[in-house]
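Descriptive analysis of the structure
Next come the chains, spelled out residue by residue.
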Amino acid sequence: MAMYFSLYWHFIIMVLLVMIFSGVMAFRFPRFPFSIVLMASGIIGYIYGVMTNLDEIAFIFIVINVFYSIVPIVLIEWAMYMRHKADEWEMQKSLLPK
């Protein structure tokens with residue numbers, strides 16, 4: 001039972017760190033290819049599976065890490081797109097005759 005709770009908290013911390021890492025990379029370096037970030041998060045999931053002696057379900061850790069790495073990337077890209085569109089809208093609004 002103790003291994004279950006230990007694995008549970010390790011897993012949450014790993015997922016949170018992967019989300020923070022991918023969010024920071026997407027925000028600070030918008031031109032950086034996100035496929036490299038996704039591969040890095042998959043490798044982290046595999047290493048986590050090997051370190052916890054759960055080689056059989058390491059694929060699940062990879063999928064979960066990649067999925068939770070995509071979430072902040074998509075949210076940040078969407079926010080940047082919306083900011084760009086708002087700037088365009090303000091520019092068009094200021095060019096209209098009064």
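1. A few points about the packing of aromatic side chains
What the rule picks out here adds up to four aromatic pairs. Geometrically, the ring pair formed by Phe 11 and Tyr 48 is tilted, given 6.3 Å between the ring centres and 50° between the ring planes. Residue Phe 11 is found in helix H1 (residues 2–28), and its partner Tyr 48 is found in helix H2 (residues 34–51); the two are separated by 37 residues along the sequence. Take Phe 11 and Tyr 48: they sit in the same class, and that class is buried. Centroid distance Tyr 48 to Phe 61: 5.1 Å. Interplanar angle 75°. Geometry classified as edge-to-face. Taken together, the positions of Tyr 48 in helix H2 and Phe 61 in helix H3 (residues 58–95) put the pair 13 residues apart, joining distant regions of the chain.

2. Things to note about H3
The end-to-end C-alpha separation of H3 is 56 Å, in line with the 56 Å expected for 38 residues at 1.5 Å each. Of all the positions in H3, only Ala 58, Phe 61, Asn 65, Ser 69, Pro 72, Ile 73, Ile 76 and Met 80 are classed as buried.

3. Focus on the nonpolar core
In this structure, Met 25, Ala 26, Val 37, Leu 38, Ile 73, Ile 76 and Met 80 together form the largest nonpolar core, which totals seven residues. Within the residue set of this core, elements represented by two or more residues are H1, H2 and H3. Of the residues forming this core, the biggest block, three residues, is contributed by H3. The contact partners of Met 80, leaving out residues within four places of it in the chain, are Ala 26, Phe 27 and Pro 30. Counting six residues, the second largest nonpolar core, distinct from the first, contains Phe 11, Val 15, Leu 54 and Phe 61.

4. A word on the environment of Asn 65
With respect to the helices and strands, the residue Asn 65 is situated in helix H3. Between the C-alpha atoms of Asn 65 and Ile 44, which are 21 residues apart in sequence, the distance is 7.8 Å. If near-sequence neighbours (up to four positions away) are discounted, Asn 65 is found in contact with Met 14, Val 15, Val 18, Ser 41, Ile 44 and Gly 45.

5. Description of the pattern of salt bridges
When their charged atoms lie close together, side chains carrying opposite charge are able to pair. Scanning all chains against the criterion turns up one salt bridge. The partner of Lys 85 in a salt bridge is Glu 88, with the nearest N and O atoms 3.4 Å apart. Of the two residues, Lys 85 and Glu 88 both sit in helix H3, three residues apart, roughly one turn of that helix. Of the residues examined, Glu 88 reaches a relative accessible area of 33% and is grouped as partly exposed.

6. Quick notes on the packing of H2 against H3
Running from N to C, H2 and H3 point in directions that differ by 145°, and their axes come no closer than 8 Å. Pair H2 / H3 crosses with right-handed handedness. Residues Phe 34, Val 37, Leu 38, Ser 41, Gly 42, Ile 44, Gly 45, Tyr 46, Tyr 48 and Gly 49 of H2 lie in contact with H3, whose contacting residues are Ala 58, Phe 61, Ile 62, Asn 65, Val 66, Ser 69, Ile 70 and Ile 73. Broken down by class, the residue content of the contact of H2 with H3 amounts to twelve nonpolar, six polar and no charged.

Rules and cut-offs
Residues numbered from 1 in each chain as written. Predicted model: local features only at pLDDT ≥ 70, side-chain atom pairs only at ≥ 80, totals over all residues. Heavy atoms only, no water. Phe/Tyr/Trp six-rings, centres within 6.5 Å; stacked < 30°, edge-to-face > 60°. Helix = DSSP H or I, 4+ residues; strand = E, 2+ residues; numbered from the N terminus. Buried < 20%, exposed > 50% of the residue type's maximum accessible area, 1.4 Å probe, protein only. Expected span 1.5 Å × (residues − 1). Core = buried A, V, L, I, M, F, W, Y, C linked by side-chain atoms within 4.5 Å. Contact = heavy atoms within 4.5 Å. Salt bridge = Lys/Arg side-chain N within 4 Å of Asp/Glu carboxyl O. Axes fitted to C-alpha atoms, helices over the stretch in contact; angles between N-to-C directions. Left-handed = near helix turned anticlockwise from the far one by under 90°. Nonpolar A, V, L, I, M, F, W, Y, C, P; charged D, E, K, R; others polar.

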